[in-house]
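Inside the fold
These are the residues of each chain, in order.
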Amino acid sequence: MTNKKKILGVVALVALIAFTTIGYSYLSTTLNINGTSKIKTSTWDVHFADVDVTTGSVAATVEPTIAGTGLSIDYEVDLAIPGEFYEFTVDVENGGTVDAKLSALPTIAGVSAAQDVYVNYSFTHEDGTAITNLANENILAGQTKTYKVRVEFDSNIDADDLPDENQTLTLTVQLDYEQL
């Protein structure tokens, strides 16, 4: 009887091993995913283009010119009496293959608190509306957007607020674009 138990135990053990092996092979599977991907060359090229001075602006002492790599515009202007202004539109062009978005609102600088009383300086959309919503400031590859730059000697200034001496303003606008 012990012999029969031993044989029965061995047969049960062999059956268990066979069942485990078959179960493992049934439950384990190798998955292969094959594919092809192509990475195309990309270029980043967001820059200023096409400066157009607005009719009615005073004559500039130095006309606005796009400098260097197209990332800055230099100009000089004299505003002698209240109401005079200098204004131009400029295109921001995405000549690259990567879509871009404005990552922060434009930074406008160069007018001190004292000068702010008699100088209005702005960088807006072409129609004069303020840039307030970054979600709308995307420039897709190949697209161009037009903006307006305006510096004005405030015509509503009180005579007591007029400057006592000539003022030189070094005006800047900073636009920060990043990949969309």
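Residues numbered from 1 in each chain as written. Predicted model: local features only at pLDDT ≥ 70, side-chain atom pairs only at ≥ 80, totals over all residues. Heavy atoms only, no water.

This paragraph deals with a nonpolar patch on the surface. Together, Leu13, Leu16 and Ile17 give the surface a local cluster of nonpolar side chains, amounting to about 300 Å² of exposed area. Residue position: Leu16 is located in helix 1 (residues 2-27). (Patch = residues over 30% accessible without salt bridge, like charges linked within 9 Å, V, L, I, M, F, W, Y side chains within 5 Å. Areas by Shrake-Rupley, 256 points an atom, 1.4 Å probe, with all protein chains shown as cover. Salt bridge = Lys/Arg side-chain N within 4 Å of Asp/Glu carboxyl O. Helix = DSSP H or I, 4+ residues; strand = E, 2+ residues; numbered from the N terminus.)

We now examine the sheet that holds strand 11 (residues 177-179). Strand pairing within a sheet occurs via backbone hydrogen bonds; the two strands may be parallel or antiparallel. Here we have three strands laid out as an open sheet, ordered 8-5-11, and antiparallel in their pairing. Looking at which strands have only one partner, the edges of the open sheet turn out to be strand 8 (138-139) and strand 11. Relative to strand 8, strand 5 (residues 100-102) runs antiparallel, the two sharing two bridges. Bridge pairing in strand 8 links Ala100 to Ile139. (Pairing = 2+ DSSP bridges.)

So, about the packing of aromatic side chains. Scanning the entire structure with this criterion turns up five aromatic pairs. Here the aromatic rings of Tyr75 and Tyr86 are separated by 5.8 Å at their centres, their planes lie at 20°, and the arrangement is stacked. Taken together, the residues Tyr75 in strand 3 (residues 72-77) and Tyr86 in strand 4 (residues 85-94) connect sequence positions 11 residues apart. The pair formed by Tyr75 and Tyr86 is uniform in burial state, with each residue classed as buried. By way of ring pairs, the aromatic residues Tyr75, Tyr86 and Phe88 are connected into one cluster. (Phe/Tyr/Trp six-rings, centres within 6.5 Å; stacked < 30°, edge-to-face > 60°. Buried < 20%, exposed > 50% of the residue type's maximum accessible area, 1.4 Å probe, protein only.)

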